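Next come the chains, spelled out residue by residue.
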Amino acid sequence: MTPHLPPPDESSRGHTHKKRPMAVERLGLSLPVTEQDVKQAYFQRAREAHPDRGGSTSEFLEVQQAFNDAVEYAKRNGKRLPWIGSLAPIYVAQRDAAELVERCGGTFVIEALDWLEGTVGEDFAAMADRLKSIDLSGRPVGDAQVMELTADAANLPFLESLNLADTLVGDPGAMRLSRLPNLKRLDLTGTKVSFPLRRQLAKLPAMEHVEGTSRWGEWLRRKST
């Protein structure tokens, strides 16, 4: 089951965060932060800013305000940290799939949740990237590559589009495509996949369209090339 994404708070909606919140930055912290992180940083900064230790009253009050704001921020966004951790298997599977596609000379589309950068930091936000589509059309791809691609299919929950047109994929590889839980669009034009299997794949629960299910259409395509 795909981990549920905690919604952004109102300050995150519609914005791409590139910087740490000022309170977090004032305490010398990096994202993501927990309440414990904030408290430890506060004690250090408060000692440095205290008038009795060479600081000033205004500086001390500034650190105190930063502490209050950072604690609220950590409380509001801390719930996303366990969710980020739960994405590790998906992140690894998507990374492996992307590397395979690159080796084969294909292309892919990644959807990034940019607003998360202001919550957990750029590196951790990358854990939430979503592999949405893969295009391997016309590439030297066969059943072995498709089997490698789908080896951890359950952890490719965001993959919706796969183009295998004019590849060497046959029935053994195509049968593995049923493991992709949310595949919606599939192009098998010009492949070795049998027509009964193409039509069977078109009936998968999430599938919206499979290109290349018509023998007549394939024949016309070959005649025109």
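As the structure is a prediction and not an experimental result, all values here were calculated from the model.

**Some words on the overall build of the protein chain**
Along the protein chain, the regular secondary structure elements total 11 helices and five strands. Put simply, the protein chain has 225 residues, and 41% of those count as buried. Carbon and sulfur atoms make up 52% of the accessible area of the protein chain, which amounts to about 12400 Å² in all.

**Regarding the environment of Leu180**
Locating Leu180 in the fold gives a position in the loop between helix H9 (171-175) and strand S4 (185-187). Setting aside anything within four residues of it in sequence, one finds Leu180 in contact with Thr150, Ala153, Leu156, Leu159 and Leu162.

**Quick notes on unusual backbone geometry**
Peptide bonds are trans in most cases, and residues, glycine excluded, mostly fall at negative phi. We note that Asp166 has phi near 60 degrees; this positive angle belongs to a residue other than glycine. Topologically, Asp166 is positioned in the loop between strand S3 (161-163) and H9. Overall, the relative accessible area of 40% leaves Asp166 in the partly exposed class.

**Quick notes on the pattern of salt bridges**
This model, assessed by the stated rule, comprises 10 salt bridges. For Glu111, the salt bridge is made with Arg130, and the minimal N-O distance between the two is 3.9 Å. Separated by 19 residues along the polypeptide, Glu111 in strand S1 (residues 107-111) and Arg130 in strand S2 (residues 130-135) bring together distant segments of the chain. The exposure class of Glu111 is partly exposed, given its relative accessible area of 32%. The buried category is assigned to Arg130, whose relative accessible area is 18%. Between Glu208 and Arg185 there is a salt bridge, with its nearest N and O atoms 3.9 Å apart.

**Some points on helix H2 (residues 35-49)**
Given a rise of 1.5 Å per residue, 15 residues ought to cover 21 Å, and the 20 Å separating the end C-alpha atoms of H2 matches this to within 8%. When H2 is considered as a whole, its buried residues turn out to be Val38, Ala41, Tyr42, Ala46 and Ala49. Seen from one end, H2 has its buried residues packed into an arc of 135 degrees, which puts them on one side.

**Overview of the sheet that holds S2**
In spatial order, the strands read S1-S2-S3-S4-S5; together these five strands make up an open sheet with mixed pairing. The open sheet is flanked by S1 and strand S5 (209-211), the only strands paired with a single partner. Sheet twist, expressed as the mean angle between neighbouring strand axes with direction ignored, is 15 degrees. With five bridges joining them, S1 and S2 adopt antiparallel strand pairing. Opposite Ile110, over in S2, you have Leu131 as the bridge partner.

Reading the values: rules and limits
- Residues numbered from 1 in each chain as written.
- Predicted model: local features only at pLDDT ≥ 70, side-chain atom pairs only at ≥ 80, totals over all residues.
- Heavy atoms only, no water.
- Helix = DSSP H or I, 4+ residues; strand = E, 2+ residues; numbered from the N terminus.
- Buried < 20%, exposed > 50% of the residue type's maximum accessible area, 1.4 Å probe, protein only.
- Areas by Shrake-Rupley, 256 points an atom, 1.4 Å probe, with all protein chains shown as cover.
- Contact = heavy atoms within 4.5 Å.
- Salt bridge = Lys/Arg side-chain N within 4 Å of Asp/Glu carboxyl O.
- Expected span 1.5 Å × (residues − 1).
- Arc of directions from axis to C-beta.
- Pairing = 2+ DSSP bridges.
- Axes fitted to C-alpha atoms, helices over the stretch in contact; angles between N-to-C directions.

Such coordinate-based values are descriptive only and should not be taken to indicate function.
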